[in-house]
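Okay, here's what each chain looks like letter by letter:
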Amino acid sequence: RVVSMKDCSQDSRNAILLTLLYVIQAIPLGLSDSTIPLLLKAKVGYVGVAMFAISGYPYSLKLLWSPIVDSVFFSKFGRRKSWIVPVQLLSGCLMLWLSFSIEDFLESDVVPVGTLAAIFTLFTFLSATQDIAVDGWGLEMFPVEDRHTAAACQTVGLRIGFFLSYTVFLFLNSPHFCNTFLRTIPSDTPILSLGVYIFIAGVTYIFLSVLLIFKREKPLTHTNIMDFDDTDDLTPLNVYKRIFALLKLPNLRKLIFVLLTNRVGVITAHLFTLHLASRMPQHVFAEISVVSFILEMLVMWFMNKKIQGSPLSLYLSGYSLMLVWALMSILAAWVITPEYAGEEIVGGGVFVLSGFLLGFRVLAMIMFLCLGSFFTSISDSSIGGTYLTLVNTVTNLGGTWPQTIIPAAVDWLSLSYCRNQNTGINLGENCARSTRDCSSQDGVCVITFDGFYIVCLVSIVIGVFSTVFMKKTLIPLQNTHSSHWTDTIQDDVEEGRVRDKEDRLKFC
(Lines give C-alpha, C1' and ligand atoms only; values in the text may rest on other atoms or scores of the structure.)
Protein backbone atom coordinates (compact mmCIF):
# COMPACT_ATOMS: atom_id res chain seq x y z
CA ARG A 1 0.00 0.00 0.00
CA VAL A 2 1.33 3.42 -1.00
CA VAL A 3 0.96 5.72 1.98
CA SER A 4 0.87 9.50 1.58
CA MET A 5 1.79 12.07 4.21
CA LYS A 6 -1.90 12.97 4.43
CA ASP A 7 -2.80 9.35 5.18
CA CYS A 8 -0.11 9.17 7.88
CA SER A 9 -1.36 12.36 9.48
CA GLN A 10 -4.96 11.12 9.40
CA ASP A 11 -3.98 7.75 10.86
CA SER A 12 -2.10 9.50 13.67
CA ARG A 13 -5.08 11.68 14.53
CA ASN A 14 -7.36 8.64 14.45
CA ALA A 15 -5.00 6.75 16.74
CA ILE A 16 -4.98 9.62 19.26
CA LEU A 17 -8.78 9.90 19.18
CA LEU A 18 -9.29 6.15 19.52
CA THR A 19 -6.85 5.99 22.44
CA LEU A 20 -8.63 8.88 24.16
CA LEU A 21 -12.01 7.18 23.78
CA TYR A 22 -10.66 4.04 25.41
CA VAL A 23 -9.16 6.13 28.22
CA ILE A 24 -12.54 7.69 28.97
CA GLN A 25 -14.26 4.35 28.77
CA ALA A 26 -11.84 2.73 31.24
CA ILE A 27 -12.27 5.22 34.10
CA PRO A 28 -15.56 3.81 35.50
CA LEU A 29 -14.36 0.30 34.70
CA GLY A 30 -11.18 0.88 36.70
CA LEU A 31 -13.24 2.07 39.64
CA SER A 32 -15.59 -0.93 39.59
CA ASP A 33 -12.95 -3.54 38.73
CA SER A 34 -10.10 -2.50 41.03
CA THR A 35 -10.51 0.61 43.20
CA ILE A 36 -13.91 -0.05 44.80
CA PRO A 37 -13.18 -3.77 45.51
CA LEU A 38 -9.89 -2.73 47.13
CA LEU A 39 -11.71 -0.26 49.38
CA LEU A 40 -14.47 -2.76 50.14
CA LYS A 41 -12.33 -5.79 50.95
CA ALA A 42 -11.37 -4.67 54.48
CA LYS A 43 -15.05 -4.09 55.36
CA VAL A 44 -17.06 -6.80 53.62
CA GLY A 45 -14.67 -9.71 52.97
CA TYR A 46 -14.49 -11.96 49.93
CA VAL A 47 -18.25 -12.54 49.85
CA GLY A 48 -19.01 -8.83 49.62
CA VAL A 49 -16.39 -8.31 46.92
CA ALA A 50 -17.83 -11.25 44.98
CA MET A 51 -21.29 -9.70 45.26
CA PHE A 52 -20.00 -6.37 43.98
CA ALA A 53 -18.34 -8.16 41.05
CA ILE A 54 -21.84 -8.67 39.64
CA SER A 55 -21.52 -5.09 38.40
CA GLY A 56 -19.18 -6.36 35.69
CA TYR A 57 -21.78 -8.56 34.01
CA PRO A 58 -23.10 -5.98 31.50
CA TYR A 59 -19.72 -6.16 29.81
CA SER A 60 -20.23 -9.90 29.52
CA LEU A 61 -23.75 -9.57 28.10
CA LYS A 62 -23.33 -6.65 25.72
CA LEU A 63 -23.70 -8.97 22.74
CA LEU A 64 -27.45 -8.89 23.43
CA TRP A 65 -27.72 -5.23 22.37
CA SER A 66 -24.63 -4.82 20.20
CA PRO A 67 -26.58 -5.41 16.93
CA ILE A 68 -28.77 -2.44 17.84
CA VAL A 69 -25.69 -0.26 18.41
CA ASP A 70 -24.23 -1.45 15.10
CA SER A 71 -27.33 -0.84 13.01
CA VAL A 72 -29.48 1.90 14.59
CA PHE A 73 -28.00 5.37 14.16
CA PHE A 74 -28.40 8.81 12.62
CA SER A 75 -26.38 8.68 9.41
CA LYS A 76 -26.01 12.47 9.24
CA PHE A 77 -24.53 12.61 12.71
CA GLY A 78 -22.39 9.50 12.35
CA ARG A 79 -22.85 5.76 12.78
CA ARG A 80 -20.59 5.55 15.87
CA LYS A 81 -21.05 9.07 17.26
CA SER A 82 -24.79 8.45 17.44
CA TRP A 83 -24.06 6.21 20.42
CA ILE A 84 -20.75 7.44 21.85
CA VAL A 85 -21.81 11.06 22.43
CA PRO A 86 -25.14 10.47 24.27
CA VAL A 87 -23.73 7.56 26.29
CA GLN A 88 -20.78 9.65 27.46
CA LEU A 89 -23.06 12.55 28.36
CA LEU A 90 -25.33 10.25 30.38
CA SER A 91 -22.30 8.67 32.12
CA GLY A 92 -20.99 12.12 33.01
CA CYS A 93 -24.30 13.18 34.55
CA LEU A 94 -24.49 9.94 36.54
CA MET A 95 -20.97 10.54 37.86
CA LEU A 96 -21.91 14.05 39.01
CA TRP A 97 -24.83 12.60 40.98
CA LEU A 98 -22.80 9.76 42.51
CA SER A 99 -19.99 12.08 43.59
CA PHE A 100 -22.22 13.55 46.33
CA SER A 101 -23.18 10.20 47.91
CA ILE A 102 -20.34 7.69 47.36
CA GLU A 103 -18.49 8.66 50.57
CA ASP A 104 -21.61 8.08 52.68
CA PHE A 105 -22.03 4.60 51.17
CA LEU A 106 -18.47 3.52 51.95
CA GLU A 107 -18.37 5.01 55.45
CA SER A 108 -21.58 3.31 56.61
CA ASP A 109 -21.33 0.83 59.48
CA VAL A 110 -22.95 -1.72 57.19
CA VAL A 111 -21.82 -1.00 53.65
CA PRO A 112 -24.75 -1.27 51.18
CA VAL A 113 -22.93 -3.54 48.76
CA GLY A 114 -26.12 -4.27 46.81
CA THR A 115 -26.79 -0.56 46.19
CA LEU A 116 -23.20 0.03 45.10
CA ALA A 117 -23.35 -2.99 42.81
CA ALA A 118 -26.56 -1.69 41.20
CA ILE A 119 -25.08 1.77 40.58
CA PHE A 120 -21.88 0.46 39.07
CA THR A 121 -23.84 -2.07 37.02
CA LEU A 122 -25.44 0.92 35.31
CA PHE A 123 -21.99 2.47 34.82
CA THR A 124 -20.74 -0.77 33.29
CA PHE A 125 -23.78 -0.99 31.01
CA LEU A 126 -23.05 2.48 29.63
CA SER A 127 -19.34 1.74 29.22
CA ALA A 128 -20.14 -1.55 27.49
CA THR A 129 -22.45 0.24 25.06
CA GLN A 130 -19.75 2.79 24.32
CA ASP A 131 -17.23 -0.02 23.86
CA ILE A 132 -19.33 -1.58 21.10
CA ALA A 133 -19.36 1.66 19.14
CA VAL A 134 -15.69 2.44 19.78
CA ASP A 135 -14.57 -1.05 18.72
CA GLY A 136 -16.49 -0.75 15.47
CA TRP A 137 -15.15 2.74 14.82
CA GLY A 138 -11.61 1.51 15.38
CA LEU A 139 -11.99 -1.11 12.65
CA GLU A 140 -13.23 1.55 10.22
CA MET A 141 -10.45 4.04 11.00
CA PHE A 142 -7.58 1.90 9.69
CA PRO A 143 -7.00 -0.33 6.63
CA VAL A 144 -6.95 -4.09 7.15
CA GLU A 145 -3.15 -4.34 7.21
CA ASP A 146 -2.96 -1.75 10.01
CA ARG A 147 -5.69 -3.10 12.25
CA HIS A 148 -3.13 -4.05 14.86
CA THR A 149 -2.95 -0.28 15.50
CA ALA A 150 -6.53 -0.39 16.76
CA ALA A 151 -5.58 -3.19 19.17
CA ALA A 152 -2.60 -1.15 20.37
CA CYS A 153 -4.82 1.93 20.89
CA GLN A 154 -7.23 -0.19 22.88
CA THR A 155 -4.48 -1.58 25.09
CA VAL A 156 -2.81 1.80 25.71
CA GLY A 157 -6.09 3.65 26.24
CA LEU A 158 -7.53 1.13 28.66
CA ARG A 159 -4.27 0.99 30.61
CA ILE A 160 -4.12 4.77 30.93
CA GLY A 161 -7.77 4.86 32.02
CA PHE A 162 -7.16 2.21 34.66
CA PHE A 163 -4.02 4.07 35.73
CA LEU A 164 -6.03 7.25 36.30
CA SER A 165 -8.88 5.56 38.15
CA TYR A 166 -6.69 3.27 40.25
CA THR A 167 -3.09 4.43 40.64
CA VAL A 168 -3.55 8.19 40.53
CA PHE A 169 -6.57 8.02 42.80
CA LEU A 170 -4.91 5.73 45.35
CA PHE A 171 -1.92 8.04 45.56
CA LEU A 172 -3.94 11.21 46.07
CA ASN A 173 -6.37 9.40 48.38
CA SER A 174 -3.57 8.16 50.66
CA PRO A 175 -2.78 10.50 53.60
CA HIS A 176 0.62 8.82 53.95
CA PHE A 177 1.61 9.63 50.36
CA CYS A 178 0.19 13.15 50.51
CA ASN A 179 2.01 13.92 53.78
CA THR A 180 5.29 12.49 52.49
CA PHE A 181 5.45 14.05 49.03
CA LEU A 182 2.80 16.75 48.60
CA ARG A 183 2.27 18.51 51.94
CA THR A 184 4.41 20.61 54.25
CA ILE A 185 1.91 20.30 57.11
CA PRO A 186 0.75 16.71 57.78
CA SER A 187 -2.96 15.88 57.84
CA ASP A 188 -5.08 12.79 58.43
CA THR A 189 -7.22 13.52 55.37
CA PRO A 190 -6.20 12.87 51.73
CA ILE A 191 -5.91 15.54 49.08
CA LEU A 192 -8.46 13.83 46.83
CA SER A 193 -11.57 12.05 48.08
CA LEU A 194 -13.44 9.51 46.00
CA GLY A 195 -16.39 11.88 45.65
CA VAL A 196 -14.24 14.71 44.28
CA TYR A 197 -12.48 12.33 41.89
CA ILE A 198 -15.77 11.06 40.46
CA PHE A 199 -17.02 14.66 40.15
CA ILE A 200 -13.93 15.63 38.11
CA ALA A 201 -14.36 12.55 35.93
CA GLY A 202 -18.00 13.47 35.29
CA VAL A 203 -17.12 17.01 34.20
CA THR A 204 -14.40 15.61 31.90
CA TYR A 205 -16.87 13.17 30.33
CA ILE A 206 -19.32 15.94 29.51
CA PHE A 207 -16.63 18.28 28.14
CA LEU A 208 -15.11 15.66 25.82
CA SER A 209 -18.54 14.57 24.62
CA VAL A 210 -19.27 18.11 23.48
CA LEU A 211 -15.93 18.26 21.62
CA LEU A 212 -16.62 14.92 19.93
CA ILE A 213 -19.73 16.36 18.30
CA PHE A 214 -17.51 18.30 15.88
CA LYS A 215 -15.45 15.26 14.81
CA ARG A 216 -16.33 14.14 11.28
CA GLU A 217 -17.05 10.49 10.76
CA LYS A 218 -16.62 8.59 7.50
CA PRO A 219 -19.93 8.24 5.62
CA LEU A 220 -21.34 4.76 5.14
CA THR A 221 -20.15 3.08 1.99
CA HIS A 222 -20.35 -0.42 0.56
CA THR A 223 -16.92 -1.02 2.09
CA ASN A 224 -18.20 -0.17 5.56
CA ILE A 225 -21.14 -2.55 5.30
CA MET A 226 -19.50 -5.18 3.08
CA ASP A 227 -21.97 -8.07 3.00
CA PHE A 228 -25.05 -5.86 3.24
CA ASP A 229 -26.31 -4.53 -0.09
CA ASP A 230 -27.06 -1.07 1.32
CA THR A 231 -27.77 0.71 4.58
CA ASP A 232 -31.39 -0.44 4.49
CA ASP A 233 -30.16 -4.01 4.99
CA LEU A 234 -28.10 -2.99 8.05
CA THR A 235 -30.92 -3.68 10.51
CA PRO A 236 -30.77 -5.26 13.99
CA LEU A 237 -32.55 -8.37 12.70
CA ASN A 238 -29.99 -8.88 9.92
CA VAL A 239 -27.09 -8.35 12.31
CA TYR A 240 -28.59 -10.88 14.74
CA LYS A 241 -28.85 -13.33 11.84
CA ARG A 242 -25.17 -12.76 11.09
CA ILE A 243 -24.29 -13.48 14.71
CA PHE A 244 -26.18 -16.79 14.66
CA ALA A 245 -24.44 -17.64 11.39
CA LEU A 246 -21.06 -16.88 12.97
CA LEU A 247 -21.85 -19.06 15.97
CA LYS A 248 -22.24 -22.03 13.62
CA LEU A 249 -18.59 -21.78 12.61
CA PRO A 250 -16.59 -24.66 14.17
CA ASN A 251 -13.51 -22.48 14.70
CA LEU A 252 -15.43 -19.81 16.57
CA ARG A 253 -17.14 -22.40 18.76
CA LYS A 254 -13.78 -23.83 19.81
CA LEU A 255 -12.44 -20.36 20.58
CA ILE A 256 -15.55 -19.48 22.61
CA PHE A 257 -15.21 -22.62 24.74
CA VAL A 258 -11.61 -21.78 25.55
CA LEU A 259 -12.40 -18.16 26.40
CA LEU A 260 -15.25 -19.17 28.74
CA THR A 261 -13.21 -21.65 30.77
CA ASN A 262 -9.51 -20.73 30.73
CA ARG A 263 -9.64 -17.94 33.33
CA VAL A 264 -10.47 -20.37 36.12
CA GLY A 265 -6.90 -21.60 35.99
CA VAL A 266 -5.41 -18.14 36.57
CA ILE A 267 -7.93 -16.74 39.09
CA THR A 268 -5.08 -16.71 41.63
CA ALA A 269 -4.00 -13.33 40.22
CA HIS A 270 -7.33 -11.82 41.32
CA LEU A 271 -7.45 -13.64 44.65
CA PHE A 272 -3.87 -12.65 45.47
CA THR A 273 -4.75 -8.95 45.15
CA LEU A 274 -7.80 -9.36 47.41
CA HIS A 275 -5.75 -11.38 49.89
CA LEU A 276 -3.34 -8.47 50.31
CA ALA A 277 -5.96 -5.69 50.18
CA SER A 278 -6.33 -5.44 53.96
CA ARG A 279 -2.74 -6.40 54.69
CA MET A 280 -0.76 -3.74 52.82
CA PRO A 281 -1.04 0.07 52.92
CA GLN A 282 -3.08 1.72 50.16
CA HIS A 283 -0.13 3.71 48.84
CA VAL A 284 1.81 0.48 48.21
CA PHE A 285 -0.80 -0.64 45.67
CA ALA A 286 -0.51 2.73 43.96
CA GLU A 287 3.29 2.45 43.83
CA ILE A 288 3.03 -1.04 42.37
CA SER A 289 0.61 0.26 39.77
CA VAL A 290 3.02 3.02 38.69
CA VAL A 291 5.83 0.55 38.06
CA SER A 292 3.35 -1.83 36.44
CA PHE A 293 2.07 0.89 34.11
CA ILE A 294 5.60 1.76 32.92
CA LEU A 295 6.51 -1.89 32.36
CA GLU A 296 3.23 -2.59 30.57
CA MET A 297 3.75 0.28 28.16
CA LEU A 298 7.31 -0.86 27.41
CA VAL A 299 6.23 -4.46 26.90
CA MET A 300 3.30 -3.35 24.72
CA TRP A 301 5.59 -1.24 22.54
CA PHE A 302 8.09 -4.09 22.24
CA MET A 303 5.48 -6.74 21.44
CA ASN A 304 3.17 -4.78 19.13
CA LYS A 305 4.88 -5.95 15.95
CA LYS A 306 6.01 -9.34 17.22
CA ILE A 307 2.58 -10.69 18.09
CA GLN A 308 1.09 -10.25 14.63
CA GLY A 309 2.22 -13.63 13.33
CA SER A 310 1.57 -15.81 16.38
CA PRO A 311 -0.58 -14.08 19.02
CA LEU A 312 -2.10 -17.27 20.41
CA SER A 313 1.29 -18.95 20.79
CA LEU A 314 2.44 -16.01 22.89
CA TYR A 315 -0.82 -16.13 24.81
CA LEU A 316 -0.16 -19.76 25.74
CA SER A 317 3.35 -18.87 26.89
CA GLY A 318 1.96 -16.08 29.07
CA TYR A 319 -0.69 -18.44 30.49
CA SER A 320 1.92 -21.03 31.42
CA LEU A 321 4.12 -18.41 33.09
CA MET A 322 1.07 -17.16 34.99
CA LEU A 323 0.55 -20.63 36.49
CA VAL A 324 4.17 -20.87 37.64
CA TRP A 325 3.98 -17.35 39.04
CA ALA A 326 0.73 -18.19 40.86
CA LEU A 327 2.29 -21.20 42.59
CA MET A 328 5.30 -19.17 43.69
CA SER A 329 3.08 -16.33 44.93
CA ILE A 330 0.90 -18.42 47.22
CA LEU A 331 3.99 -20.06 48.71
CA ALA A 332 5.40 -16.60 49.43
CA ALA A 333 2.07 -15.44 50.87
CA TRP A 334 1.90 -18.49 53.13
CA VAL A 335 5.33 -17.68 54.60
CA ILE A 336 4.90 -13.89 54.89
CA THR A 337 1.21 -13.21 55.60
CA PRO A 338 0.48 -12.50 59.30
CA GLU A 339 -2.08 -14.38 61.36
CA TYR A 340 -4.60 -11.56 61.68
CA ALA A 341 -6.72 -10.52 58.71
CA GLY A 342 -6.29 -6.81 59.44
CA GLU A 343 -2.62 -6.87 60.43
CA GLU A 344 -0.32 -5.15 57.93
CA ILE A 345 2.68 -6.82 56.35
CA VAL A 346 5.93 -5.04 57.16
CA GLY A 347 9.57 -5.07 56.14
CA GLY A 348 10.89 -7.05 53.20
CA GLY A 349 7.66 -9.00 52.88
CA VAL A 350 6.03 -5.95 51.31
CA PHE A 351 8.65 -5.86 48.55
CA VAL A 352 8.44 -9.60 47.89
CA LEU A 353 4.65 -9.71 47.61
CA SER A 354 4.63 -6.45 45.64
CA GLY A 355 6.93 -8.11 43.13
CA PHE A 356 4.43 -10.92 42.65
CA LEU A 357 1.59 -8.44 42.18
CA LEU A 358 3.67 -6.65 39.59
CA GLY A 359 4.40 -9.87 37.73
CA PHE A 360 0.71 -10.78 37.62
CA ARG A 361 -0.18 -7.44 36.04
CA VAL A 362 2.51 -7.58 33.37
CA LEU A 363 1.60 -11.15 32.40
CA ALA A 364 -2.11 -10.25 32.30
CA MET A 365 -1.33 -7.33 29.99
CA ILE A 366 0.66 -9.56 27.63
CA MET A 367 -2.20 -12.06 27.45
CA PHE A 368 -4.73 -9.26 26.90
CA LEU A 369 -2.69 -7.75 24.08
CA CYS A 370 -2.29 -11.14 22.38
CA LEU A 371 -6.02 -11.82 22.42
CA GLY A 372 -6.81 -8.29 21.22
CA SER A 373 -4.44 -8.66 18.27
CA PHE A 374 -5.95 -12.00 17.30
CA PHE A 375 -9.52 -10.72 17.59
CA THR A 376 -8.91 -7.74 15.31
CA SER A 377 -7.22 -9.98 12.74
CA ILE A 378 -10.26 -12.27 12.39
CA SER A 379 -13.06 -9.70 12.74
CA ASP A 380 -15.46 -9.03 9.89
CA SER A 381 -15.61 -5.24 9.49
CA SER A 382 -19.13 -5.39 8.00
CA ILE A 383 -20.39 -5.90 11.54
CA GLY A 384 -17.12 -4.86 13.15
CA GLY A 385 -18.56 -3.57 16.39
CA THR A 386 -20.70 -6.66 16.84
CA TYR A 387 -18.00 -9.12 15.78
CA LEU A 388 -15.45 -7.71 18.20
CA THR A 389 -18.18 -7.47 20.80
CA LEU A 390 -18.94 -11.17 20.33
CA VAL A 391 -15.40 -12.32 21.09
CA ASN A 392 -14.77 -9.63 23.72
CA THR A 393 -18.08 -10.43 25.42
CA VAL A 394 -17.16 -14.08 25.69
CA THR A 395 -13.74 -13.10 27.03
CA ASN A 396 -15.28 -10.81 29.63
CA LEU A 397 -17.82 -13.43 30.66
CA GLY A 398 -15.01 -15.96 31.02
CA GLY A 399 -13.32 -13.57 33.43
CA THR A 400 -16.40 -12.28 35.27
CA TRP A 401 -18.15 -15.46 36.30
CA PRO A 402 -15.11 -16.87 38.17
CA GLN A 403 -14.74 -13.54 40.03
CA THR A 404 -18.35 -13.67 41.25
CA ILE A 405 -18.21 -17.30 42.43
CA ILE A 406 -14.68 -18.36 43.34
CA PRO A 407 -13.77 -15.54 45.82
CA ALA A 408 -16.85 -16.41 47.89
CA ALA A 409 -15.50 -19.96 48.20
CA VAL A 410 -12.46 -18.55 50.03
CA ASP A 411 -14.61 -17.17 52.84
CA TRP A 412 -16.81 -20.25 53.03
CA LEU A 413 -13.78 -22.53 53.33
CA SER A 414 -12.04 -20.30 55.86
CA LEU A 415 -12.38 -20.59 59.65
CA SER A 416 -12.11 -17.34 61.60
CA TYR A 417 -13.33 -15.54 64.69
CA CYS A 418 -13.35 -11.96 65.96
CA ARG A 419 -11.26 -11.55 69.11
CA ASN A 420 -11.32 -8.50 71.38
CA GLN A 421 -7.86 -6.96 71.49
CA ASN A 422 -8.02 -6.10 75.19
CA THR A 423 -9.90 -8.98 76.81
CA GLY A 424 -9.28 -11.75 74.28
CA ILE A 425 -12.99 -12.61 74.31
CA ASN A 426 -14.42 -14.26 71.22
CA LEU A 427 -16.85 -11.73 69.73
CA GLY A 428 -18.19 -13.95 66.96
CA GLU A 429 -17.33 -16.67 64.50
CA ASN A 430 -16.61 -16.35 60.78
CA CYS A 431 -15.82 -12.65 60.86
CA ALA A 432 -14.31 -12.92 57.37
CA ARG A 433 -17.76 -13.69 55.95
CA SER A 434 -19.65 -10.90 57.68
CA THR A 435 -20.23 -7.46 56.24
CA ARG A 436 -19.85 -6.05 59.74
CA ASP A 437 -16.36 -4.71 60.37
CA CYS A 438 -14.74 -6.58 63.25
CA SER A 439 -12.53 -3.61 64.03
CA SER A 440 -15.61 -1.52 64.94
CA GLN A 441 -15.94 -3.79 68.01
CA ASP A 442 -12.31 -3.17 68.98
CA GLY A 443 -11.46 -6.64 67.73
CA VAL A 444 -9.20 -8.41 65.28
CA CYS A 445 -10.30 -11.08 62.83
CA VAL A 446 -8.19 -14.17 63.53
CA ILE A 447 -8.07 -16.66 60.66
CA THR A 448 -7.44 -20.18 61.96
CA PHE A 449 -7.74 -21.78 58.51
CA ASP A 450 -7.40 -19.73 55.31
CA GLY A 451 -9.35 -21.10 52.36
CA PHE A 452 -7.31 -18.82 50.07
CA TYR A 453 -4.57 -21.42 49.69
CA ILE A 454 -6.90 -24.34 48.95
CA VAL A 455 -8.82 -22.41 46.30
CA CYS A 456 -5.61 -21.19 44.64
CA LEU A 457 -4.05 -24.66 44.51
CA VAL A 458 -7.19 -26.16 42.96
CA SER A 459 -7.21 -23.31 40.43
CA ILE A 460 -3.59 -23.97 39.43
CA VAL A 461 -4.28 -27.69 38.91
CA ILE A 462 -7.22 -26.78 36.66
CA GLY A 463 -4.93 -24.35 34.84
CA VAL A 464 -2.42 -27.09 34.05
CA PHE A 465 -5.11 -29.21 32.39
CA SER A 466 -6.38 -26.12 30.58
CA THR A 467 -2.92 -25.46 29.17
CA VAL A 468 -2.74 -28.93 27.64
CA PHE A 469 -6.18 -28.53 26.10
CA MET A 470 -5.52 -25.03 24.78
CA LYS A 471 -2.27 -26.10 23.13
CA LYS A 472 -4.18 -28.64 21.07
CA THR A 473 -6.94 -26.15 20.27
CA LEU A 474 -5.50 -22.66 19.87
CA ILE A 475 -2.46 -23.36 17.68
CA PRO A 476 -4.56 -24.85 14.83
CA LEU A 477 -6.97 -21.90 15.14
CA GLN A 478 -4.06 -19.47 14.90
CA ASN A 479 -2.95 -21.05 11.61
CA THR A 480 -6.45 -20.90 10.09
CA HIS A 481 -6.98 -18.38 7.29
CA SER A 482 -8.98 -15.30 8.29
CA SER A 483 -11.69 -16.12 5.73
CA HIS A 484 -12.68 -19.13 7.86
CA TRP A 485 -13.77 -16.78 10.62
CA THR A 486 -16.64 -15.21 8.67
CA ASP A 487 -19.98 -16.73 7.81
CA THR A 488 -19.45 -15.83 4.13
CA ILE A 489 -16.87 -18.59 3.86
CA GLN A 490 -19.71 -21.11 3.76
CA ASP A 491 -21.03 -19.51 0.58
CA ASP A 492 -17.51 -19.30 -0.86
CA VAL A 493 -16.95 -23.02 -0.26
CA GLU A 494 -20.19 -23.98 -1.97
CA GLU A 495 -19.39 -21.67 -4.89
CA GLY A 496 -15.92 -23.21 -5.17
CA ARG A 497 -17.35 -26.73 -5.29
CA VAL A 498 -19.69 -25.73 -8.08
CA ARG A 499 -16.82 -24.21 -10.10
CA ASP A 500 -14.68 -27.32 -9.61
CA LYS A 501 -17.51 -29.53 -10.84
CA GLU A 502 -18.06 -27.33 -13.90
CA ASP A 503 -14.34 -27.37 -14.70
CA ARG A 504 -14.28 -31.20 -14.53
CA LEU A 505 -17.29 -31.42 -16.85
CA LYS A 506 -15.62 -29.07 -19.33
CA PHE A 507 -12.44 -31.12 -19.23
CA CYS A 508 -14.36 -34.30 -19.93
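Small disclaimer: the values here were computed from a predicted structure and weren't measured.

A. Region of interest: the overall build of the protein chain. Helix and strand counts for the protein chain come out as 18 helices and three strands. Within the protein chain, the fraction of its 508 residues that count as buried is 54%. Considering only residue pairs separated by 6 or more positions, the protein chain has 82% of its internal contacts joining residues 24 or more positions apart.

B. Structural view of the pairing of strand E2 (residues 426-429). Relative to E2, strand E1 (residues 415-420) is paired through three bridges, and the arrangement is antiparallel. By the bridge assignment, arginine 419 is partnered in E2 with asparagine 426. Between E1 and E2, which pair antiparallel one after the other, the connecting turn spans five residues, and glycine 424 there sits at a positive phi close to 80 degrees.

C. Seen up close, the packing of helix H14 (residues 311-336) against helix H15 (residues 348-378). Contact geometry for H14 and H15: axes closest at 9 Å, N-to-C directions at 160 degrees. One element, H14, and the other, H15, form an angle in the roughly antiparallel class. Of the two elements, H14 crosses H15, and the hand of that crossing is left-handed. For the contact of H14 with H15, the residue count by class is 23 nonpolar, six polar and no charged.

D. Representation of a nonpolar patch on the surface within the structure. A contiguous nonpolar surface patch, about 500 Å² in accessible area, is contributed by Leu413, Leu415, Phe449, Ile454, Val458 and Ile462. Locating leucine 415 in the fold gives a position in strand E1.

E. Just the sheet that holds E2, in detail. Taken in spatial order, the three strands line up as E2-E1-E3 in an open sheet, and their pairing is antiparallel. Looking at the sheet topology across the chains shown, the edges are occupied by E2 and strand E3 (443-449). Taking the axes of each pair of neighbouring strands and ignoring which way they run, one obtains an average angle of 25 degrees across the sheet. Pairing of E1 with E3, which is carried by six bridges, proceeds in the antiparallel orientation. Counterpart to serine 416 in the pairing with E3 is isoleucine 447.

F. Spotlight on the nonpolar core. Leu252, Leu255, Phe272, Met280, Phe452 and Leu474 are the most contacted members of the largest nonpolar core, which has 114 residues in total. Examining the composition of this core, we find that 17 residues originate from one element, H15, more than from any other. In this structure, leucine 255 is in contact with Phe374, Phe375, Ile378, Val391, Leu474, Leu477 and Trp485, ignoring residues within four places of it in sequence. The next biggest cluster of nonpolar side chains, apart from the first, holds 23 residues, and it includes Leu17, Leu21, Ile132 and Val134.

G. Expanded view of the packing of aromatic side chains. If you walk through the whole model with that rule in mind, you get 14 aromatic pairs. When the ring of phenylalanine 120 is compared with that of phenylalanine 123, the centres are 5.5 Å apart and the planes differ by 50 degrees; the resulting orientation is tilted. Pair noted here: phenylalanine 120 and phenylalanine 123 are both in helix H6 (residues 113-141), with a separation of three residues, about one helical turn. When its relative accessible area of 1% is taken as the criterion, phenylalanine 120 is described as buried. Ring pairs connect the aromatic residues Phe272, Trp325, Phe356 and Phe360, which therefore count as one cluster.

H. Molecular detail of H6. Across its 29 residues, H6 extends 40 Å between first and last C-alpha, which sits within 8% of the 42 Å expected from 1.5 Å per residue. Judged by how many residues are buried, H6 sits mostly within the fold: 23 of 29 residues are covered.

I. Expanded view of the confidence of the model for the protein chain. Overall, the predicted model of the protein chain reaches an average pLDDT of 82, with 85% of residues at or above 70. Confidence over residues 489-508 falls short of pLDDT 50; this stretch has four contacts with residues more than four positions distant or in other chains.

J. Just the packing of helix H12 (residues 268-277) against H15, in detail. Remark: H12 packs on H15, axes separated minimally by 10 Å, with the N-to-C direction vectors making an angle of 145 degrees. Where H12 crosses over H15, the two elements pack in a sense that is left-handed. On the side of H12, the interface is formed by Thr268, Ala269, Phe272, Thr273 and Leu276, while H15 contributes Leu353, Phe356, Leu357 and Phe360.

K. Representation of the environment of proline 37 within the structure. Looking at the element boundaries, proline 37 is found in helix H1 (residues 5-52). The class of proline 37 is buried, set by a relative accessible area of 7%. In sequence terms proline 37 and alanine 277 are 240 residues apart; their C-alpha atoms lie 8.8 Å from each other.

L. Expanded view of the pattern of salt bridges. Evaluated as defined, the whole model comprises six salt bridges. Residues glutamate 140 and arginine 80 are paired through a salt bridge, measuring 2.7 Å at the closest nitrogen-oxygen approach. With a gap of 60 residues between them, glutamate 140 in helix H6 and arginine 80 in the loop between helix H3 (66-71) and helix H4 (81-98) connect regions that are remote in the sequence. A relative accessible area of 0% means that arginine 80 is categorised as buried. Within the structure, one salt-bridge network assembled from shared partners comprises Asp70, Arg79, Arg80 and Glu140.

Thresholds applied
- Chains are numbered independently. Their residues run from 1 in the order of the written sequence.
- Reporting in this predicted model follows two pLDDT cut-offs: at least 70 for local features of residues, and 80 or more for side-chain atom pairs to be given and counted; totals over whole chains, interfaces and linings ignore these cut-offs and use all residues.
- The side-chain numbers reported here are obtained from all heavy atoms of the structure, hydrogens and water having been left aside.
- Each helix corresponds to a stretch of at least 4 residues labelled H or I by DSSP, and each strand to a stretch of at least 2 residues labelled E; elements are numbered beginning at the N terminus.
- The classification of residues rests on relative accessible area computed with a 1.4 Å probe and restricted to protein chains. Under 20% of the type maximum is buried, over 50% is exposed, and intermediate values are partly exposed.
- Note on contacts: a residue pair is in contact if any heavy atoms of the two residues lie within 4.5 Å.
- Between any two strands, pairing holds if DSSP finds at least two bridges.
- To define axes, lines are fitted to C-alpha atoms, for helices over the stretch in contact only, and angles between the resulting N-to-C directions are given on a 0 to 180 degree scale.
- Relative orientations are named as follows: roughly parallel for angles under 35 degrees, roughly antiparallel for angles over 145 degrees, roughly perpendicular for angles from 65 to 115 degrees, and oblique for any other angle.
- Crossings are classed by handedness, with left-handed meaning an anticlockwise turn of the near helix from the far one by less than a right angle and right-handed meaning a clockwise turn.
- Any residue outside Ala, Val, Leu, Ile, Met, Phe, Trp, Tyr, Cys, Pro, Asp, Glu, Lys and Arg is labelled polar, Gly included; the first ten of those are nonpolar and the last four are charged.
- Like-charged residues within 9 Å of one another, or nonpolar side chains (Val, Leu, Ile, Met, Phe, Trp, Tyr) within 5 Å, are grouped into patches, provided each residue has over 30% relative accessible area and no salt bridge.
- Here the open area of atoms and residues is found with the Shrake-Rupley method and a 1.4 Å probe, where only the protein chains shown may cover a residue.
- We count a salt bridge whenever a side-chain nitrogen from Lys or Arg sits within 4 Å of a carboxyl oxygen from Asp or Glu.
- Nonpolar cores are built from buried Ala, Val, Leu, Ile, Met, Phe, Trp, Tyr and Cys residues. Side-chain atoms within 4.5 Å join them into one set.
- Stacked, tilted and edge-to-face are the three classes applied to pairs of Phe, Tyr and Trp rings, where Trp contributes its six-membered ring and a pair requires centres within 6.5 Å; stacked means planes under 30 degrees apart, edge-to-face means over 60, and tilted covers the rest.
- Under the convention used throughout, the expected extent of a helix is 1.5 Å for every residue step, that is, one less than its residue count.
- You can read pLDDT as the predictor saying how much it trusts each residue, on a scale of 0 to 100.

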